[in-house]
Amino acid sequence: MRTIVYLFIGILFGITMFKSEAASWFRIYEMFKFDAFHMYGIIGSALVIGVITIQLIKKFDIKSFYGETIHFYPKTRSVSRYLIGGIIFGLGWALAGACPGPMFTLIGAGFIPILVVIAAAILGTFLYGILKDKLPH
């Protein structure tokens, strides 16, 4: 049952990404050139909705869809890990023209060359797993 729910949510997310043009290489290129507010508006509204949702979950002790308690664990503060990780993620996003969510949306939309980007993302994740103990956390 959970798989069907997650599949439905993923399909809905993909349609939203594609229709809002968040999966558009042109929109991402436009964002990195600071030519338009479109992508910043999408990212900013997602951030605001996320913050409000987390605060509501904490305040009203909202349970998950399956009745489980939702726990939030504080992360250790570190400038280097977020700076290095953010730069690597941003460079990959700028070079590929897609971040992880839209990559799979683009496959569904028929953009087959994105498979090269997905393969590189999987390789990068694998390398992170190997180098994890040597990186700042």
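Keep in mind that this is a model prediction, so the values were computed, not measured. (Residues numbered from 1 in each chain as written. Predicted model: local features only at pLDDT ≥ 70, side-chain atom pairs only at ≥ 80, totals over all residues. Heavy atoms only, no water.)

1. Digging into the nonpolar core
Move 1: Listed in full, the 7 residues of the largest apolar core are Met17, Ala22, Ile28, Met31, Met39, Trp93 and Cys99.
Move 2: Contacts of methionine 17, omitting those with residues within four sequence positions, involve Ala22, Ala23, Pro102 and Thr105.
Move 3: One finds Ala98, Met103, Ile114 and Ile118 within the second-largest nonpolar core, a separate group that totals 6 residues. (Core = buried A, V, L, I, M, F, W, Y, C linked by side-chain atoms within 4.5 Å. Buried < 20%, exposed > 50% of the residue type's maximum accessible area, 1.4 Å probe, protein only. Contact = heavy atoms within 4.5 Å.)

2. Here's the deal with helix 2 (residues 25–32)
Move 1: Those residues of helix 2 lying buried are Arg27, Ile28, Glu30 and Met31. Taken down its axis, helix 2 places every buried residue within 160° of arc, on the same side.
Move 2: Next to the buried residues of helix 2 lie helix 3 (38–60) and helix 4 (79–96). (Helix = DSSP H or I, 4+ residues; strand = E, 2+ residues; numbered from the N terminus. Arc of directions from axis to C-beta.)

3. Some remarks on the pattern of salt bridges
Oppositely charged side chains may form a pair once their charged atoms are brought near each other.
Move 1: Per the counting criterion, the structure on display carries 5 salt bridges.
Move 2: Residue glutamate 30 is joined to arginine 27 by a salt bridge in which the shortest nitrogen-to-oxygen separation is 2.9 Å. One end of the pair is glutamate 30 and the other is arginine 27, both in helix 2 and 3 residues apart, which spans about a single turn.
Move 3: Looking at glutamate 30, the relative accessible area reads 13%, which means it is buried.
Move 4: Aspartate 61 is the partner of lysine 63 in a salt bridge, and the nearest nitrogen-oxygen pair spans 3.6 Å.
Move 5: Among the ionic contacts, a cluster of salt bridges with common partners joins Glu21, Arg27 and Glu30. (Salt bridge = Lys/Arg side-chain N within 4 Å of Asp/Glu carboxyl O.)

4. Some thoughts on the confidence of the model for the protein chain
Move 1: With 100% of its residues at a pLDDT of 70 or more, the protein chain has an overall mean of 90.
Move 2: Looking over the protein chain, one finds the lowest element-wise mean pLDDT in helix 4, namely 85, and the highest in helix 3, namely 95. (pLDDT = per-residue confidence, 0-100.)

5. Digging into the packing of aromatic side chains
Move 1: Here the structure, examined in full by the defined rule, presents 5 aromatic pairs.
Move 2: Ring centres 5.0 Å apart and planes at 10° place the aromatic pair tryptophan 25 and tyrosine 29 in the stacked group. Highlighted residues: tryptophan 25 and tyrosine 29, both in helix 2, separated by 4 residues, approximately one helical turn.
Move 3: In this structure an aromatic cluster arises from ring pairing among Phe32, Phe89 and Trp93.
Move 4: Geometry around tyrosine 66 places arginine 2 over its ring, the cationic atom sitting 3.9 Å from the centre.
Move 5: Lying across the ring of phenylalanine 72, lysine 58 places its NZ or CZ 5.5 Å from the centre. (Phe/Tyr/Trp six-rings, centres within 6.5 Å; stacked < 30°, edge-to-face > 60°. Lys NZ or Arg CZ within 6 Å of the ring centre and 35° of its normal.)

6. Observations regarding the packing of helix 2 against helix 4
In a pair of packed helices, the angle between the axes and the distance between the axes together describe the arrangement.
Move 1: Closest axis-to-axis distance for the helix 2/helix 4 pair is 9 Å, and the angle between their directions is 130°. If you check the angle between helix 2 and helix 4, you find them oblique. With respect to the hand of their crossing, helix 2 and helix 4 are arranged in left-handed fashion. Facing Trp25, Ile28, Met31 and Phe32 of helix 2, the residues of helix 4 in contact are Gly90, Trp93, Ala94 and Ala96.
Move 2: Residues that form the contact of helix 2 with helix 4 fall into these classes: 7 nonpolar, 1 polar and no charged. (Axes fitted to C-alpha atoms, helices over the stretch in contact; angles between N-to-C directions. Parallel < 35°, antiparallel > 145°, perpendicular 65-115°, else oblique. Left-handed = near helix turned anticlockwise from the far one by under 90°. Nonpolar A, V, L, I, M, F, W, Y, C, P; charged D, E, K, R; others polar.)

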